[in-house]
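Chains, contacts and geometry: an overview
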Amino acid sequence: MKKHLVVLVLLGISLYSIATDSSNTLTEVKSNNAITVDGITYHLVVSGADKPATKFLTQKLQEITGQTDFTTPLIGAITIKVGDSLPELDKIHPCGYVMKFKDSKNIILSGRNALGTMYAVNDFLKRFAGYRKFGGAPLQEIVPRQKSITVSASFYFKEEPSIQSYAVAWLLNSYFGRSSRVCFPGGHSFDKIIPVEQFGETHPEYYPMIDGKRVKLKPKMTGTWQPCLDNPKLIELSLVYADNYLKKNPAALSIPFVVNDGGGDCQCEYCAAQFAKYGNQYANYYNELAKEVKKRYPNKLVSLYAYGRCASAAPVNVKMEYNLLAACRPEIFHFERPIGIPTAV
Ligand SMILES: [Zn+2]
């Protein structure tokens, strides 16, 4: 019995020494030493519920530090948890995020949705590792090599978009720029609402009249045409498209109903009268659509581009619905027309 007690005591001392002597014993064995807090270096572990963001952070930490193991838990390690829930996330913008040193051992990088979590990871790398990304080419990404990233012992950042939508950073660096269309997915849409291959033959009246004739479009044509608004089915077809869009993108904050690229606005009597009455050919269509979307999806916005003839002028003789979200191209404001459709949200 005495012998056993001695063995247990010795074992206890041994475990205790490993647990407490992390900066020396564990460093020599397998610590990656990838994070420094107040001058002390620790083993760094990355884990998280959000797999794409966790993978991205791990990959960048590997490139920065040259270490490969960010999964083995060691006693005394600091863990970055990516996408973990936090009570304060419930009260922020859907694309907002929080970065915090929760306690002495855990850092949380979490958004309210997956987009916000990607913003959090990029912001963490930007603030604490000098990471930059200005585009998709190798020379447009800056990954400073350093043995260890340095953070302060207690930090807390809560970030939310201050405006509803912007798109100054394009796809190749949109997470770094925090502007992958915050709540406005964008994209030209009428080729999907009334696809030429579906209606071109049977309903030529859905398509624009130019110089007194209905244009003849080839299947799958995505641009240089706009819908004729004198189509009693247009709202109904737009709602079918909305249903399908939200099935595929349930977390989207808005549904894009954007004019096609390349002009081709209808010149029929009805469309010309819309332009004359409202000062903007598409104003009444968007307003009527917004009313229907509000009934069906009260928490979603109707997004559009003030683009081409849709940016001809601010609508008159109509009060635009509050659930419309217009993206205005600066060059249209500055160089073509003094004002586009006002943002109603
Ligand atoms: Zn028309």
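These numbers were taken from a predicted model, which means no experiment stands behind them.

Digging into the confidence of the model for the chain
Confidence in the prediction for the chain averages 84 pLDDT; 81% of positions are at 70 or higher. Contacts of residues 1-22 to residues separated by more than four positions or lying in other chains number six contacts, the stretch itself having pLDDT below 50. Confidence drops under a pLDDT of 50 for residues 24-28, and excluding neighbours within four residues, the segment shows eight contacts in the predicted structure.

Focus on the nonpolar core
Core analysis: the largest hydrophobic core is formed by 40 residues, its most contacted members being Tyr286, Val302, Leu304, Tyr305, Cys310 and Leu324. Listed by contribution, the elements that provide at least two residues to this core are α6 (190-193), α8 (234-248), α9 (269-278), α10 (283-296), β14 (301-306) and β15 (324-328). Setting aside chain neighbours within four positions, we find Tyr305 in contact with Val258, Val259, Cys310 and Ala327. Counting 37 residues, the second largest nonpolar core, distinct from the first, contains Val82, Ile108, Ala120 and Phe124.

With respect to the sheet that holds strand β2 (residues 40-42)
Pairing is mixed across the open sheet formed by three strands, whose spatial order is β2-β1-β9. Only two strands of the sheet have a single partner each, and these edge strands are β2 and β9 (149-151). Between one strand axis and the next, the sheet turns by 30° as a mean value, whatever way the strands run. In this sheet, β2 lies alongside strand β1 (residues 35-37) in antiparallel orientation, the contact comprising three bridges. When the sheet's bridge partners are listed, Val37 is paired in β2 with Ile40.

Overview of α9
Turning to α9, its buried residues number three or more, namely Cys271, Gln274, Phe275 and Tyr278. The buried residues of α9 occupy one face: seen down the axis, they fall within an arc of 95°. Across α9 from its buried face, at more than 90 degrees, point the exposed residues Glu269 and Ala276. Residues of α9 that are buried sit in contact with α10.

So, how was this worked out
- Residues numbered from 1 in each chain as written.
- Predicted model: local features only at pLDDT ≥ 70, side-chain atom pairs only at ≥ 80, totals over all residues.
- pLDDT = per-residue confidence, 0-100.
- Contact = placed C-beta atoms within 7 Å.
- Core = buried A, V, L, I, M, F, W, Y, C linked by C-beta atoms within 7 Å.
- Buried ≥ 20, exposed ≤ 12 C-beta atoms within 10 Å, placed from the backbone.
- Helix = DSSP H or I, 4+ residues; strand = E, 2+ residues; numbered from the N terminus.
- Pairing = 2+ DSSP bridges.
- Axes fitted to C-alpha atoms, helices over the stretch in contact; angles between N-to-C directions.
- Arc of directions from axis to C-beta.

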